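Structural characterization, general
Chain by chain, the residues:
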Amino acid sequence: MKNTRRIKRMDRARRNKAPGLNLTSLMDVFTILVLYLLVNQSSVQVVEPPKDVILPDSVAEAKPRQTVVVMVSPEIVSIDGEPLMNTMDALDKDANLTAPLTDKLTSIKESALGLNAESEAKNNEVTIMAHQKVPFNVLKALMSACTNVGYTKISLAVNQKATQS
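A brief report on the enclosed structure follows. (Residues numbered from 1 in each chain as written. Predicted model: local features only at pLDDT ≥ 70, side-chain atom pairs only at ≥ 80, totals over all residues. Heavy atoms only, no water.)

Re the pairing of strand 4 (residues 82-86)
- Relative to strand 4, strand 3 (residues 76-79) is paired through four bridges, and the arrangement is antiparallel. Residue pairing in the sheet places V77 in a bridge with M85 of strand 4.
- Taken together, strand 3 and the strand that follows it, strand 4, pair antiparallel across an intervening segment of two residues, in which D80 is found at a positive phi of about 55 degrees. (Pairing = 2+ DSSP bridges. Helix = DSSP H or I, 4+ residues; strand = E, 2+ residues; numbered from the N terminus.)

Right under this line is the structure:
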């Protein structure tokens, strides 16, 4: 085979070329990884209970959603930090003492934006964050008041424990 100038030039170029990494594909992988982490970082919602509410422990598998939160301490029932009624008043069936709660929930429901069925379904959710010592009869009365207003999907907030495997 004849050593032409072209073959000599290609040999020189091959010898002078330093071995290196192709960073383009590595940058693509890191870009996708960063975008994935940014999108999935916001999917976890941590709802912090107030200091006077100690949640019960449970093995909860579903992640919490953004909903209206009714906080029930041993003394008061509140929404958004606004005290509405005494906790034990919910047990009194003769007097309509849950009226402040139903009024507040009604005003929240009416002020919600959105006209399609999906946003309307999201507006029918409420989370009750109750102290672990609050009797279930109180929770039952509060759940009944929420259902009367139109909140059909009621969740109870709990502390998530690790599953036993």
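Moving on from the coordinates now.
Quick look at helix 3 (residues 99-111)
- With 13 residues, helix 3 ought to run about 18 Å at 1.5 Å a step, and its terminal C-alpha atoms sit 18 Å apart, in line with that.
- Residues of helix 3 that are buried: L101, T102 and L105. Mapping the buried residues of helix 3 onto a view down its axis gives an arc of 90 degrees, with all of them on the same face. Exposed and facing more than 90 degrees away from the buried side of helix 3 are D103, E110 and S111.
- Structurally, helix 3 contributes buried residues whose contacts are with strand 2 (68-72), strand 3, strand 4 and helix 5 (136-149). (Expected span 1.5 Å × (residues − 1). Buried < 20%, exposed > 50% of the residue type's maximum accessible area, 1.4 Å probe, protein only. Arc of directions from axis to C-beta. Contact = heavy atoms within 4.5 Å.)

Topic: the packing of aromatic side chains
- In the structure shown here, the tally under the stated rule is zero aromatic pairs.
- The ring centre of Y151 lies 4.9 Å from the NZ or CZ of K109, which sits over that ring. (Phe/Tyr/Trp six-rings, centres within 6.5 Å; stacked < 30°, edge-to-face > 60°. Lys NZ or Arg CZ within 6 Å of the ring centre and 35° of its normal.)

A short note on a positive patch on the surface
- A contiguous patch of positive charge on the surface is contributed by R5, R6, K8, R9, R12 and R15.
- Relative to the assigned elements, R9 resides in helix 1 (residues 5-16). (Patch = residues over 30% accessible without salt bridge, like charges linked within 9 Å, V, L, I, M, F, W, Y side chains within 5 Å. Areas by Shrake-Rupley, 256 points an atom, 1.4 Å probe, with all protein chains shown as cover. Salt bridge = Lys/Arg side-chain N within 4 Å of Asp/Glu carboxyl O. Lys, Arg positive; Asp, Glu negative; His and termini not counted. Charge placed at Lys NZ, Arg CZ, Asp CG, Glu CD.)

Some words on the pattern of salt bridges
- The final tally for this structure, using the stated rule, is two salt bridges.
- In this structure, R14 and D11 form a salt bridge, with 3.5 Å as the shortest nitrogen-oxygen distance. A residue pair is termed a helical-turn pair when its members lie 3 or 4 positions apart in one helix, as R14 and D11 do in helix 1 at three residues.
- Owing to a relative accessible area of 57%, R14 belongs among the exposed residues under this scheme.
- Here E82 and K104 are joined by a salt bridge, their closest N and O atoms 3.1 Å apart.

Quick word on the pairing of strand 3
- Judged from the three bridges that link them, strand 2 and strand 3 form a sheet pairing that is antiparallel. The residue of strand 3 that forms the bridge with M71 is S78.
- Taking the residues that link successive antiparallel strands as the turn, the strand 2-strand 3 hairpin has three residues.

Topic: the nonpolar core
- Judged by nonpolar contacts, the single largest core of 23 residues is most densely connected at V70, V72, L101, L105 and L142.
- Those elements giving two or more residues to this core turn out to be strand 2, strand 3, strand 4, helix 3, strand 5 (125-130) and helix 5.
- Broken down by element, this core gets its largest block of residues, eight residues, from helix 5.
- Discounting residues that sit within four places of it in the chain, V70 has contacts with V77, S78, I79, L101, L105, V126, T127, I128 and M129.
- Counting six residues, the second largest nonpolar core, distinct from the first, contains L55, V69, M71 and A157. (Core = buried A, V, L, I, M, F, W, Y, C linked by side-chain atoms within 4.5 Å.)

Overview of the side chain of H131
- Assignment of secondary structure puts H131 in the loop between strand 5 and helix 5.
- Note on H131: relative accessible area 11%, which makes it buried.
- Excluding anything up to four places from it in sequence, H131 contacts D52, V53, I54, V72, S73 and P74.

All quantities given are derived from atomic positions and should not be read as evidence of function.
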